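# Fold and contact review
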Amino acid sequence: VTMTKLAQWLWGLAILGSTWVALTTGALGLELPLSCQEVLWPLPAYLLVSAGCYALGTVGYRVATFHDCEDAARELQSQIQEARADLARRGLRF
């Protein structure tokens, strides 16, 4: 059975979330030092901000390295000319 990308992300978030809840509530019976607890509480916010920065950087990189498709542009222009000629034969004026 193959999982969709959404299912993979949801499983990953569920595992991370349940681990975070177990560690912050002390459900595992672990006595974490105060320094670890201070880092653990705001960890979801840090991860959310990091994911947002990564997404913004990825979009920016993809926009900056976007390739022009000159062959496709020429093909589209020729199709437009063919369509205009066909419509002109049928009596449509531009």
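Since we're looking at a predicted model, the values are computed, not measured.

The next subject is the confidence of the model for the protein chain. Of the residues in the protein chain, 100% reach a pLDDT of 70 or more, and the chain-wide mean stands at 92. Mean pLDDT across the elements of the protein chain bottoms out in helix H2 (residues 34-40) (91) and peaks in helix H3 (residues 43-64) (96).

The next subject is the domain arrangement of the protein chain. The domain architecture assigned to the protein chain consists of domain 1 (1-31) and domain 2 (33-93). Using C-alpha coordinates to define each centre, domain 1 is positioned 30 Å away from domain 2. With four residues of domain 1 at the contact, the number on the domain 2 side is five residues. The junction of domain 1 with domain 2 conceals about 460 Å² of combined surface from both sides, 78% of it contributed by carbon and sulfur atoms. Put simply, domain 1 and domain 2 have zero salt bridges between them. Counting the contacts that link domain 1 with domain 2 gives one residue pair in polar contact (both at pLDDT 80 or more). By residue class, the composition of the side of domain 1 that touches domain 2 is two nonpolar, one polar and one charged.

With that out of the way, let us pick up the UniProt feature "transmembrane region" (unreviewed entry) in the protein chain. Look at the UniProt record and you will see "transmembrane region" (unreviewed entry) annotated at residues 45-64. Between the first and last C-alpha atoms of residues 45-64 the distance is 28 Å; the span itself is 100% helix and 0% strand.

Cut-offs applied
Residues numbered from 1 in each chain as written. Predicted model: local features only at pLDDT ≥ 70, side-chain atom pairs only at ≥ 80, totals over all residues. Heavy atoms only, no water. pLDDT = per-residue confidence, 0-100. Helix = DSSP H or I, 4+ residues; strand = E, 2+ residues; numbered from the N terminus. Domains from an automatic or database assignment. Contact = heavy atoms within 4.5 Å. Buried area = accessible area lost by both parts, 1.4 Å probe. Salt bridge = Lys/Arg side-chain N within 4 Å of Asp/Glu carboxyl O. Polar contact = N/O pair within 3.5 Å; in protein donor to acceptor, adjacent residues only side chain to side chain. Nonpolar A, V, L, I, M, F, W, Y, C, P; charged D, E, K, R; others polar. UniProt positions renumbered as here; feature names shortened; annotations may be inferred.

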